[in-house]
Amino acid sequence: MNRHSLSTDVVGWVILALALGAGFSVASIYYSQPLLPLMGSDLHLTVNGMGLVPTLTQAGYALGILFLLPLGDRHDRRRLILLKSVALAILLLACSLTSNLPSLLLVSLMLGMAATMAQDIVPAAAILAPAGKQGKMVGTVMTGLLLGILLSRTVSGFVGAAFGWRVMYQLAAVSIALIGVLMWSVLPRFATHSTLSYPALMKSMAHLWQRYPALRRAAFAQGFLSIAFSAFWSTLAVMLLEKYQLGSAVAGTFGIAGAAGALAAPLAGGLADKVGAEKVTQLGAGLVTLSFALMFLLPALPPHAQLILIALSAVGFDLGLQSSLVAHQNLVYGLEPQARGRLNALLFTGVFIGMAVGSALGSKLYSVASWQGVVVLATLSGFIALIIRLVDARRIQQAAQKA
C-alpha cells in the first residue's frame, strides 16, 4: 500500500505513531549516558571503561544502519520494524542482567544495531507524506526521534537515581515491546522498490555514494556535527559529578534543555521546503559552532551561572544540529526517491560514526584536558561542518552561474 491510498486523517494518526515509535526506539541507545556513573560504580569501571558503553552502542547503530537499513528497499518496512522491535526488547532486558564489562559491551553493540528500527521508521514518513509536505512530515517524525534522544537522558537519570540503572533498562524493554505492537497495528504494508539481492543492494550503495556529491557532503557535515553532540552528552554526567557534585538525575534534566531545540525540527523541515535545505544546513551548523564556543566563557563565571550557560548552550546546539539533520534528510531523500532506504543508510552511517568518534574522543579528552578539552573538540567539529556547508553553497552558486 502506498501513501496515495491513505486518507489525510489516517496519515495524520500514522505519522503520530511513527513519531512515537522513532522516539522510543532511538532512546534505547542513549539511556546509558546519565547512568554511566551508576554503571561504573556497580561494575567497577574506569572512566575509559564507562566511555566504551556509549561508544559501542553508537558503533552498533552505525553498523546496523549500514548493513541492515538497505533492507527497507527490498522488504516490507512494517515487517522489518516488528522484527527489530522484538530483538531490541530482548537486548534491553539482557543489558539489565549483565554483570561485567565484556558482556555489557557486547550487548551494547547488538542493542545499537537493533535500535536502527528508528531509521526504518523515518523513510516510512517520507513515503506516507502528502505531496509537497515531505519536509514537514519528516520533521514531525524527527521531532519524536530527537525528543527520544534528549528526553531519554532525563528519564534514565531520574529512574536510575531512584531505582537503579538495571530497572531503567527493564522498563525500556517493556516500552519497546508495546511500541512493536503499536507499529504492527497502525502501519500499512509498504511496497518494495527493489528486487536486488542483498549483495547487490550493498554494492548499489557504493554507486549511490559515488554518484551524488551532495550525499557525501551531507554525510560528512552531519557527521562532524554529531561528533560535537556526542562528545558533550557522553561526558556531561561525569563532569557534573566531579566538578559540581551533581548526580545522574541532574544530568538527565539537561536533556529537557536540549529538547527545546528538538521541538524546532518540524519548523526546520517546513523552512527547508520553502527556502531550500542548503540554507538551513548552514544556519544549523553555524548555531552549533556558536553554542559550543560560548562555553569558553565558563571559567569566568560563578558556578550557578556556569550551569545556566551549559543549559542554554544545550538548547542552542541541539536546535542547530536537529535543524541541520532534518534539512540534510530532506536534501538526500530528493536525490533518488526509489532508493530512500539506502540513501538514509549512507547519511546516518556518517552521523553515527560521528557519534561513536565523539564518545571516544570526548572521553579521552576529558581524561587529559578536562571539560575544556571537550569544548574545544565540539567547537572545532561544528566549525568544520559549517565550512563544508559554505563550500557546498559556493559550488552550487558557481554551477548556477555557469548554467
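Presented here is an overview of the structure given in this document. Here the structure is a predicted model, which means the values were calculated and not measured.

The rules behind these values
Residues numbered from 1 in each chain as written. Predicted model: local features only at pLDDT ≥ 70, side-chain atom pairs only at ≥ 80, totals over all residues. Heavy atoms only, no water. 1 Å grid on protein atoms, 1.4 Å probe; cavity = no way out; pocket = protein on both sides within 12 Å on 5 of 7 lines; lining within 4 Å. Points joined across faces, edges and corners; volume = space filled by probe spheres on them. Helix = DSSP H or I, 4+ residues; strand = E, 2+ residues; numbered from the N terminus. Nonpolar A, V, L, I, M, F, W, Y, C, P; charged D, E, K, R; others polar. Phe/Tyr/Trp six-rings, centres within 6.5 Å; stacked < 30°, edge-to-face > 60°. Buried < 20%, exposed > 50% of the residue type's maximum accessible area, 1.4 Å probe, protein only. Expected span 1.5 Å × (residues − 1). Arc of directions from axis to C-beta. Axes fitted to C-alpha atoms, helices over the stretch in contact; angles between N-to-C directions. Parallel < 35°, antiparallel > 145°, perpendicular 65-115°, else oblique. Left-handed = near helix turned anticlockwise from the far one by under 90°. Contact = heavy atoms within 4.5 Å. Patch = residues over 30% accessible without salt bridge, like charges linked within 9 Å, V, L, I, M, F, W, Y side chains within 5 Å. Areas by Shrake-Rupley, 256 points an atom, 1.4 Å probe, with all protein chains shown as cover. Salt bridge = Lys/Arg side-chain N within 4 Å of Asp/Glu carboxyl O.

## As for the layout of surface pockets
Over the atoms, a rolling probe the size of a water molecule traces out where space has been left empty. Considered as a void within the structure, the second largest pocket measures approximately 230 Å³ in volume. Lining the second largest pocket are 16 residues, and of these Gly 23, Phe 24, Ala 27, Tyr 31 and Gly 148 lie nearest its centre. Elements with a minimum of two residues in the lining of the second largest pocket: helix H1 (8-27), helix H7 (134-163) and helix H8 (165-186). With six residues, the top contributor of residues to the lining of the second largest pocket is H7. The residue makeup of the lining of the second largest pocket, split by class, is 11 nonpolar, five polar and no charged.

## A few points about the packing of aromatic side chains
Aromatic ring pairs are described here by two measures, namely the spacing of the ring centres and the angle between the planes. Going through the model one piece at a time under the given rule, you end up with 10 aromatic pairs. A centroid spacing of 4.9 Å and a plane angle of 85 degrees characterise the contact between Phe 232 and Trp 233, whose relative ring orientation is edge-to-face. Comparing Phe 232 with Trp 233, the two get one shared label, buried. Put simply, the rings of Phe 229, Phe 232, Trp 233, Phe 292, Phe 317 and Trp 371 pair up and form one aromatic cluster.

## Regarding helix H9 (residues 198-211)
Spanning 14 residues, H9 covers 20 Å between terminal C-alpha atoms, matching the ideal 20 Å at 1.5 Å per step. What H9 keeps buried is the set Leu 201, Ser 204, Met 205 and Leu 208. One side of H9 carries all its buried residues, which in axial view fall inside an arc of 115 degrees. For H9, exposure combined with an orientation more than 90 degrees from the buried face picks out Pro 199, Lys 203 and Gln 210.

## A closer look at the packing of helix H3 (residues 47-67) against helix H5 (residues 101-114)
Axis angle and axis distance: for two packed helices, these are the angle between their axes and the distance between the axes, and together they describe the pair. Close contact between H3 and H5 brings their axes to 6 Å; oriented N to C, the two are set at 30 degrees. Between H3 and H5, the angle falls in the class roughly parallel. Between H3 and H5 lies a crossing whose hand is right-handed. Contacts from Gly 49, Leu 52, Val 53, Leu 56, Thr 57, Ala 59, Gly 60, Tyr 61, Leu 63 and Gly 64 in H3 reach Leu 101, Leu 104, Leu 105, Ser 108, Leu 109, Leu 111, Gly 112 and Met 113 in H5. Of the residues belonging to the contact of H3 with H5, the class tally is 12 nonpolar, six polar and no charged.

## Concerning a nonpolar patch on the surface
Taken together, the side chains of Trp 13, Leu 16, Leu 20 and Phe 24 make up a nonpolar region of the molecular surface, amounting to roughly 430 Å² of accessible area. As for its placement among the helices and strands, Trp 13 is situated in helix H1. When its relative accessible area of 63% is taken as the criterion, Trp 13 is described as exposed.

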